[in-house]
Amino acid sequence: MHNKVIYGLDDRPPLGKAVVLAMQHVLTMFGSTVAVPLLLGPAMGMDTAAIALLISSVMLCSGIATLIQATFGSRLPIIQGVSFSFLAAFFMIIATIHPEGETVTPGAAMPYIAGAILVGAVFEIVVGFSGLMGQIRKVLSPVVVGPVIMLIGLALYSAGAPIAASHWPISILTMVLITTFSFIWARHHLIFQMFPMLLAIVGAVSVCALCSLLGIFGPGHPARPNLDAFEQASWFRLNDVVLPWGMPKFQLGFIVAVIAGYLASMIESFGDYHACKQMAGGGDPTPEEISRGIGCEGIGCALTGIFGGFSSTSYSENVGLIGLTKVGSRYVVQLGAVILILLGLFGKFGALAAAIPQPVVGGLYCVMFGLISAVGIRQFARAELSSDRNLFIGGFALFMGISVPYYFANGGSEAVEATFIDGFDDVINAIGQTGMAVAAILGITLDNLIPGTRRERGLEPQEPFTEPS
C-alpha cells in the first residue's frame, strides 16, 4: 500500500466515484450511529416505531453536523456522529426520569437530554470560537497527543471482539476481506485501494443474505440481516423533524453531567483532528482549524438538540477509513453528509442501511480501531523515544488512560458519589470514565512540569535517531 493519498483535502473525485466513496463513509459510521438509539430507546420505554424515529433523527443530525464541520469548521474530512462520551450522562438522566418499577411516558427523558445538550453546546461554542482550544495546541506535544490518539482506538475495545463474537465466522470473513482488499489486491487494482470497506461490507452482507435464504441462518440469528426497522419506518418524514420529542427542559444536575461529556468529547475531537489531517496528507491542524472545528461541533450539537438527536462528535472509525482508502477529500465527506440528511428524511432508506448484521460491524471495528491506535504510535514517535522523560510521561498517561476508567467502571463511581457533593461528582465520574480525558490531563500536566527541551518533546524537528554502538 502506498503511503501517499489518492485524493487530498482539496481534491474532488469524479461525481460517481465520489458518491460511492461517500456511501462507504456512511456505511462505516452506521453501526455506531444506530447503536446509541438502540441502547437508549428501550431504556426510555420506546416502542419500535419510536426507536425508528429516533434513528432517523440521529442520522439527520449527523448529516447536518458533518456538513457544517467539513464546510465551515475544521474543513477536514471528518464524519460527525453520536458521541459515546455522553452515554454515562444520558443513562443517568434516563435513570432519573424513568425510575425502575414506575410507569412513565415513553421518551420522557428526551426533552431533558435536549435541554442539557443545548446548554452544553453553548459552552463548546464559546471554548471553540474564543480560540481557547486552538491555543491549547501550544502546550500539547506529541508526548501527550500520541497516547491520546492511541486511546481513541484502544478505548473502543468493547466494540471490537465482543460485537464480532456475535458470530465469529462472519466477523472473521469481514476482517479477511478488508485486509485482502486493502493491502493485497489494492497493490494491483485501484478499485480495491479506494473501496476496500464498501466491497468488504457488500461481500460479507451478501454471504449473510445467502446463508439466510438457504436456511443456514434462521430467524433471530445475529448474522441475518434484520429488516424489522425497515418495515416500521415511514417513507418520508417532515412533520416530526423539529423538536420531535417536545420542548427542551432544563435541570442543573443533568446539564453539569452533559458538560463533562462535552469536555471529554472535545479532547477526543482534538486527537481526531490530528489523526485525520495526517492521514489526509495535510500535516498537523492549525490552531485556527482546531478552534473552528470545536466551535462548529458546538453548533452541530445545538442543532441535534433541536432536531431530536444526541450530541455529535468526530467519528474515529471514519478517520481510520481515510487511512485505509488513502482518500482524504472533504468533498467526499460533504457528499456523505448530504446522503445522511436524505437518509434521515427518508426513513425507510436509513432503516435499510441500519440492517447491516452485527458480526459485519464487529469485523469492521476490529480492523479500524487498531489502525487509529497505530496512528497514535506514529505521533508519539515524533518525540525523542530515547528520552526516559518522554517514555515515562507517555507510558504513564497511556496506562492510566486504560486503568482509571476500569476503576470507575468497577466501583469507583460509587466511591466518588459518596465523597463529593452532587453535581461535582458527575463531572469527576464523566472524566474518570473517559480514557482520553485522563491521559490528556495527566500528559499535559507532566509534560509541562517536568523539564524538557522543545526538540526532545517533539515540538521542533529532531535529529535522526541512531542506535548507540
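What counts and what doesn't
- Residues numbered from 1 in each chain as written.
- Predicted model: local features only at pLDDT ≥ 70, side-chain atom pairs only at ≥ 80, totals over all residues.
- Heavy atoms only, no water.
- Helix = DSSP H or I, 4+ residues; strand = E, 2+ residues; numbered from the N terminus.
- Expected span 1.5 Å × (residues − 1).
- Buried < 20%, exposed > 50% of the residue type's maximum accessible area, 1.4 Å probe, protein only.
- Contact = heavy atoms within 4.5 Å.
- Axes fitted to C-alpha atoms, helices over the stretch in contact; angles between N-to-C directions.
- Parallel < 35°, antiparallel > 145°, perpendicular 65-115°, else oblique.
- Nonpolar A, V, L, I, M, F, W, Y, C, P; charged D, E, K, R; others polar.
- Phe/Tyr/Trp six-rings, centres within 6.5 Å; stacked < 30°, edge-to-face > 60°.
- Core = buried A, V, L, I, M, F, W, Y, C linked by side-chain atoms within 4.5 Å.

**Student:** I'd like to hear about helix α20 (residues 435–449), residue by residue, with values.
**Tutor:** Taking 1.5 Å of rise per residue, the 15 residues of α20 would be expected to cover 21 Å, and the 21 Å separating its terminal C-alpha atoms lies within 8% of that figure. Where α20 is concerned, the buried positions are G435, M436, A437, V438, A439, A440, G443 and D447.

**Student:** Describe the environment of A437, listing the residues and the values that go with them.
**Tutor:** Counting through the fold element by element, A437 comes out in helix α20. For A437 and S265, which are 172 residues apart along the polypeptide, the C-alpha to C-alpha distance reads 8.5 Å. When near neighbours in sequence (up to four residues on either side) are disregarded, A437 contacts A264, I267 and I431.

**Student:** Explain the packing of helix α12 (residues 252–279) against α20 residue by residue, including any values.
**Tutor:** At a minimum axis separation of 9 Å, α12 and α20 run at an interaxial angle of 75°. As the angle between them shows, α12 and α20 are arranged roughly perpendicular. Mapping the contact onto sequence places A264, I267 and E268 in α12 and M436, A437 and A440 in α20. Its residues assigned to classes, the contact of α12 with α20 shows five nonpolar, no polar and one charged.

**Student:** Just give me the short version of the packing of aromatic side chains, but keep the residues and values in it.
**Tutor:** According to the stated counting rule, one finds eight aromatic pairs in the structure shown. Between the aromatic rings of F90 and F310, the centroid separation amounts to 5.5 Å while the plane-to-plane angle is 40°, which identifies the pairing as tilted. Residue F90 is found in helix α3 (residues 87–97), and its partner F310 is found in the loop between α13 (287–307) and β2 (312–314); the two are separated by 220 residues along the sequence. Like F310, F90 is buried.

**Student:** Explain the nonpolar core to me, and be specific about the residues and the numbers.
**Tutor:** Core analysis: the biggest nonpolar cluster contains 117 residues, and F90, I93 and F310 have the highest contact counts within it. The leading source of residues in this core is α12, at 13 residues. Ignoring anything within four residues of it in the chain, the contact list for F310 reads V36, P37, L40, L54, V58, V82, F90, M110, I113, I117 and T304. In this structure, C61, I68, I341 and L345 belong to the second largest nonpolar core, which totals nine residues.

Geometry only, nothing functional implied.
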